[in-house]
Protein chains: 2
Amino acid sequence: MIKQDIPDIIVSRLPIYLRALRHMQALGKLTTSSQELGATVGISAAQIRKDLSQFGEFGKQGTGYDIAFLIDQLREILKIQRVWNVAVIGMGDMGHALSRYQGFSDRGFRVMMVFDNDPAKIGGQVGNFVVQDTKDIVAAIQSSGIKLAMLCVPAGAAQEVTNMLVTAGVKAILNYAPISLNVPAGVRVQYLDPSIGLQRMTYYLD
Amino acid sequence: MIKQDIPDIIVSRLPIYLRALRHMQALGKLTTSSQELGATVGISAAQIRKDLSQFGEFGKQGTGYDIAFLIDQLREILKIQRVWNVAVIGMGDMGHALSRYQGFSDRGFRVMMVFDNDPAKIGGQVGNFVVQDTKDIVAAIQSSGIKLAMLCVPAGAAQEVTNMLVTAGVKAILNYAPISLNVPAGVRVQYLDPSIGLQRMTYYLD
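For clarity, every value in this text was computed on a predicted model and none was experimentally measured. (Residues numbered from 1 in each chain as written. Chains lettered and ligands numbered in written order. Predicted model: local features only at pLDDT ≥ 70, side-chain atom pairs only at ≥ 80, totals over all residues. Heavy atoms only, no water.)

Turning our attention to the pairing of strand β9 (residues 172-175) of chain B. Residue and element names in this part refer to chain B. Neither face of β9 is exposed, since Ala-172 and Leu-174 on one face and Ile-173 and Asn-175 on the opposite face are all buried. Pairing between strand β8 (residues 148-151) and β9: four bridges, direction parallel. Looking at the pairing, Leu-151 lines up with Asn-175 of β9. Traced from β8 through helix α7 (residues 155-167) to β9, the parallel crossover comes out right-handed. Taken together, the four bridges between β9 and strand β10 (residues 188-191) define a ladder with parallel strand orientation. Paired with Leu-174 across the two strands is Gln-190, which belongs to β10. (Buried < 20%, exposed > 50% of the residue type's maximum accessible area, 1.4 Å probe, protein only. Helix = DSSP H or I, 4+ residues; strand = E, 2+ residues; numbered from the N terminus. Pairing = 2+ DSSP bridges. Right-handed = clockwise from strand over helix to strand, strands pointing away.)

Given below as structure tokens:
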């Protein structure tokens, strides 16, 4: 199937299904249904069946989904059977937290290098990493082949650093800076700005 | 218009539009078009027009959108002309970072109280806050009327704390714990787990 055929909104739900399935697996469950999975993630069973059917036939009428098999399939679809190296830019509170985040292990990611432009931080240690100078981003990332970055710099620096990341060959940026980034075609940005997450919910509050 | 009529996916794009519009405003721009806004956020002009038309008539044929007016309208739709108080639960790295996050000001949110269950942290200071004991969540949040929480506790504690938040009257949870939460109808969860954000992009990488 041609990738462009599948709407981004469907792709964006697969990691949610995967996380729920792994949680079920950790609880010792072997099979599940679209109803049960849907109740866990707050998405209708029909939507889940429709989403998964875009990628193949993963369930059986009557017996539902084999959890381990569906996990494997989703990991393959999302390309996280491998481990992706990630760079973290900006060693403020958020960059610190991400550099030391325990939730990447076994989810497909590993922080490999961290950067800051503050002379007081460059050369210092954050978690297991020595902080590198932001001005060296292009060379360091190019030579390492890193394709993913988490951007935690102040809003005023975010576009400039983004341009460097793009030059270095980064193809996917998780943006914590409270600003929209301009990137060329072929580079993707996900916004994890917490204000955005909250604003998506206040709409529904009284 | 009845709220339930508008798909969640449309609501979820409004904060993205709002952020881009505020950025344009900060650059001194007065008007924009769906084309320009679309190029900034990576969404088609047609989709933006369709999304906004769900809520009213905000642009004029030929002159486009008045940025200040559209910002006001989006803030009203998203109910962030007011400031929402937020509780942060879990004072690890991520909770620390969120408690001190500078990006909430003028975006509709203010951290009001922070919690942890570690005796070594309870009573200590994080940013401007004294860390309260997680066991006191229900009483503290109920008496403050807080409706939003950011959850940064370990996966193993997340559901139990969520149950307390729900009992306390919290209606919207920004979840940083790498786990799916079960909440009753009327309570919303947004997942800001960074692994999920990365997994939404690796699908497109080679």
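Having seen it, we continue.
Moving on: the packing of aromatic side chains. One pair of aromatic rings is described through two measures. These are the centre distance and the angle between the planes. Applying the stated criterion to the full structure yields eight aromatic pairs over all chains. Each ring, one from Phe-104 of chain B and one from Phe-109 of chain B, has its centre 6.5 Å from the other, and the planes form 75 degrees; the classification is edge-to-face. Phe-109 of chain B sits in the buried class, given a relative accessible area of 5%. Ring centres of Tyr-203 of chain B and Tyr-204 of chain B lie 4.8 Å apart, and the angle between their planes is 90 degrees; this geometry places the pair in the edge-to-face category. By relative accessible area, which is 23% here, Tyr-204 of chain B ends up partly exposed. Put simply, the rings of Phe-55 of chain A together with Tyr-203 and Tyr-204 of chain B touch in pairs and so form one group of aromatic residues. It is Arg-82 of chain B that lies over the ring of Trp-84 of chain B; its NZ or CZ is 3.6 Å from the centre. The cationic tip of Arg-188 of chain B hangs over the ring face of Tyr-204 of chain A; the distance from NZ or CZ to the ring centre is 3.5 Å. (Phe/Tyr/Trp six-rings, centres within 6.5 Å; stacked < 30°, edge-to-face > 60°. Lys NZ or Arg CZ within 6 Å of the ring centre and 35° of its normal.)

Now for the relation of the copies chain A and chain B. You can overlay chain A on chain B at an RMSD of 0.0 Å; the transform is a turn of 180 degrees with a shift of 0.0 Å along its axis. The operation mapping one copy onto its partner corresponds to a two-fold rotation axis. When the interface residues of chain A are mapped onto chain B, 100% of them are again interface residues, pointing to one common binding face. (Least-squares fit on C-alpha atoms with pLDDT ≥ 70 in both. Contact = heavy atoms within 4.5 Å.)

Enumeration according to the criterion identifies 18 salt bridges over all chains in this entry. Across the pair Arg-100 of chain B and Asp-93 of chain A runs a salt bridge whose closest N-O atoms are separated by 2.6 Å. In this pair, Arg-100 of chain B is assigned in the loop between α5 (93-99) and β5 (109-116) and Asp-93 of chain A in helix α5 (residues 93-99), connecting two distinct chains. Residue Arg-100 of chain B is classed as partly exposed on the basis of its relative accessible area of 39%. The exposure class of Asp-93 of chain A is partly exposed, given its relative accessible area of 30%. The residue Asp-133 of chain A makes a salt bridge to Lys-135 of chain A at a minimum N-O spacing of 3.8 Å. Asp-133 of chain A sits in the buried class, given a relative accessible area of 17%. Among the residues examined, Lys-135 of chain A registers a relative accessible area of 62% and is labelled exposed. (Salt bridge = Lys/Arg side-chain N within 4 Å of Asp/Glu carboxyl O.)

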